[in-house]
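Observations on the model geometry
Spelled out, the chains give:
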Amino acid sequence: MNDTCFFFFFSLFNPVCVFCQRQQEGSPSCTMRPRSPLVFMSLVCTFLNTCQAHRVHDDKPNIVLIMVDDLGIGDLGCYGNDTIRTPHIDRLAREGVRLTQHISAASLCSPSRSAFLTGRYPIRSGMVSSGNRRVVHNLAVPAGLPLNETTFAALLKKQGYSTGLIGKWHQGLNCDSRSDHCHHPYNYGFDYYYGMPFTLVDSCWPDPSRNAELTFESQLWLCVQLVAIAVLTLTFGKLSGWVSVPLLLIFSMILFIFLLGYAWFSSYTSPLYWDCLLMRGHEITEQPMKAERAGSIMVKEAISFLERHRKEPFLLFFSFLHVHIPLPTTDDFIGTSKHGLYGDNVEEMDSMMGKILDAIDDFGLRNNTIVYFTSDHGGHLEARRGHAQLGGWNGIYKGGKGMGGWEGGIRVPGIVRWPGKVPAGRLIKEPTSLMDILPTVASVSGGSLPQDRVIDGRDLMPLLQGNARHSEHEFLFHYCGSQLHAVRWIPKDDSGAVWKAHYVTPVFQPPEAGGCYVTSLCRCFGEQVTYHNPPLLFDLSRDPSESTPLTPATDPLHDFVIKKVADALKEHRETIMPVTYQLSELNQGRMWLKPCCGVFPFCLCDKEEELSQSQAPNEKR
């Protein structure tokens, strides 16, 4: 109870009333009157409720979750990189706990993020595919995270938190029309949204003709409006008998409008115009977006969110567009690293991290704010332009983005800072998962997990605070699309072993290349994978690079481990309920779902530029 509440509480129970009344004008004496019992009890209840609300607020930490896109675990200084400069993330690691076996539930964006949001394997929600399209394909598909899924934002909102998402979403947008926004973040517990509903693609940057196209379209739209007004005027005049014009002229003008619209639409088939856009709430603010500017705007939005909600418990999920190809980078960072454009982009991301962390400190939020940092999956090995590497480095781990089983595709950075509650400078080697965030934030906020579904994540707090020696995960299951590729077993003993059995592995192109450079991403099924019976077995505690499979001749526990894993896999599969695979059946584009900033098909706009030009230089947004 704080001092103010104690003072009022003491005053209320003082047997002598503080109220006094002068008997006559100018008299120093007063009569002490006892309080009415009803008034007394009402005041007691009021102040007790006030104190309780204050105490509950103090007990609820703010939560800032930061996710980078396609960042390799080997790209950070705190994970061993000594050539890319990431001082702000490294500082965060020194001030918190670093997780060295932090595992993503999938090796591609949409399924990994759905698992992160819900604490459940993507196979349970249907955010998987039985084909080669394993992410939400574009903004014209009705696929998306099912609305019956519960996210950490929805849980925290019930606990009185203000919830915001800034950055990449990639969980779908529309279902039946281009403006229904059925898969918008608002429908999953977020109160505020600013960012990119899709993901970066090659078309998003650079775009040297963007400004000219915006200007031309505005003039073209003005022309269409003038012709439409003329058509309406002539039609009304003809029907009223005021003017005499041939119907053919009116029909020709209407046909001209439709042909102009069709020609305009047909000339813009690139994803740049329909997928590379930014939204604030339900409003499209840039179409197409200026990609190199987007990251800076998002950081400003994040700082503004922190400032608006600093006096109440909040959740901020900041989802970077960095460091996904095509790596839009501002001129201030181009050419500053030792690793080309990719290194430049990583260092720019770290600089933005520093601004967010500084804002947390400046607003006095540091000691009551949990900061969590991660990547959605491993680095993209096959991202190249000529001989230039445009994807991340996964350190000593085999494989990368798109590979559901190999460690390089699913082992990601994990850093947690909570001053005074989580010891600084700790290293945790136990297996943990991105799915653990939902039960963890539920635990620290006083929330409860849904009881009508399987939650695969586990509360990290006992492990983070040193109250538990071992991870609560005994088995982790690694999927590639809807196909299970590998299983990890962490025995409940002190052996230190981390067994991993691979049932399916991708066929590298070319062989021994370590990646799938022909198809750009490895496949999950068919002729481009190898099925193993018995599965390949590794002990990651002895062979973290998964270089030499164990055999009955090289490890006496081989057969026992294979059987143990098989039994666990059978039990796991019995918990998987049939659902619609969102990324298969519903992942086909529909023209009427394409988002539009204006009147379709005249959809280009830049409201961010208009807003910045209308504001004074020192005005806050």
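The name an unreviewed UniProt entry assigns to the protein is Arylsulfatase F, from the organism Macaca mulatta. In its Cofactor (unreviewed entry) section, UniProt records this for the protein: "Ca(2+)".

Once that is clear, we can look at the packing of helix α10 (residues 291-308) against helix α11 (residues 340-362). Axis separation between α10 and α11 bottoms out at 10 Å; the angle between their running directions is 10 degrees. As summarised for this structure, α10 and α11 are arranged roughly parallel, according to the angle between their axes. For the pair α10 and α11, the contacting residues are Gly295, Ser296, Val299, Ile303 and Leu306 in the first and Met352, Lys355, Ile356, Ala359 and Ile360 in the second. Its residues placed into classes, the contact of α10 with α11 shows seven nonpolar, two polar and one charged.

Quick look at the state of the cysteines now. Applying the stated criterion across every chain, the model contains six disulfides. Here Cys480 is linked by a disulfide to Cys524, with a sulfur-sulfur distance of 2.0 Å. Taking the sign of the S-S torsion, about -65 degrees here, the bridge from Cys480 to Cys524 comes out left-handed. You can see Cys480 sitting in strand β16 (residues 475-480) and its partner Cys524 sitting in the loop between β18 (499-506) and β19 (529-539), a full 44 residues away along the chain.

So, about the nonpolar core. Generally speaking, a soluble globular protein has its nonpolar side chains buried in company with each other. Membership of the largest hydrophobic core comes to 62 residues, with the highest contact counts inside it found for Ile66, Leu71, Phe318, Met349, Met353 and Phe373. Looking at this core, the elements with two or more residues in it are β3 (62-68), α3 (87-95), β6 (192-196), α9 (271-274), α10, β9 (314-319), α11 and β10 (369-375). Ranked by residues supplied to this core, first place goes to α11 with nine residues. Residues within four places of Phe373 in sequence aside, it is in contact with Ile66, Val68, Leu71, Leu76, Ile89, Leu92, Met349, Met353, Pro413, Gly414 and Ile415. With 51 residues, the next largest nonpolar core counts Leu65, Met67, Leu463 and Leu464 among its residues.

Spatially, β16-β17-β18-β19 is the arrangement adopted by the four strands of the open sheet, whose pairing is antiparallel. This sheet does not close on itself; its edge strands, each paired only once, are β16 and β19. Across the sheet, the mean angle from the axis of one strand to that of its neighbour is 20 degrees, orientation sign disregarded.

About the cut-offs
- Residues numbered from 1 in each chain as written.
- Predicted model: local features only at pLDDT ≥ 70, side-chain atom pairs only at ≥ 80, totals over all residues.
- Heavy atoms only, no water.
- UniProt positions renumbered as here; feature names shortened; annotations may be inferred.
- Axes fitted to C-alpha atoms, helices over the stretch in contact; angles between N-to-C directions.
- Helix = DSSP H or I, 4+ residues; strand = E, 2+ residues; numbered from the N terminus.
- Parallel < 35°, antiparallel > 145°, perpendicular 65-115°, else oblique.
- Contact = heavy atoms within 4.5 Å.
- Nonpolar A, V, L, I, M, F, W, Y, C, P; charged D, E, K, R; others polar.
- Disulfide = S-S within 2.5 Å.
- Core = buried A, V, L, I, M, F, W, Y, C linked by side-chain atoms within 4.5 Å.
- Buried < 20%, exposed > 50% of the residue type's maximum accessible area, 1.4 Å probe, protein only.
- Pairing = 2+ DSSP bridges.

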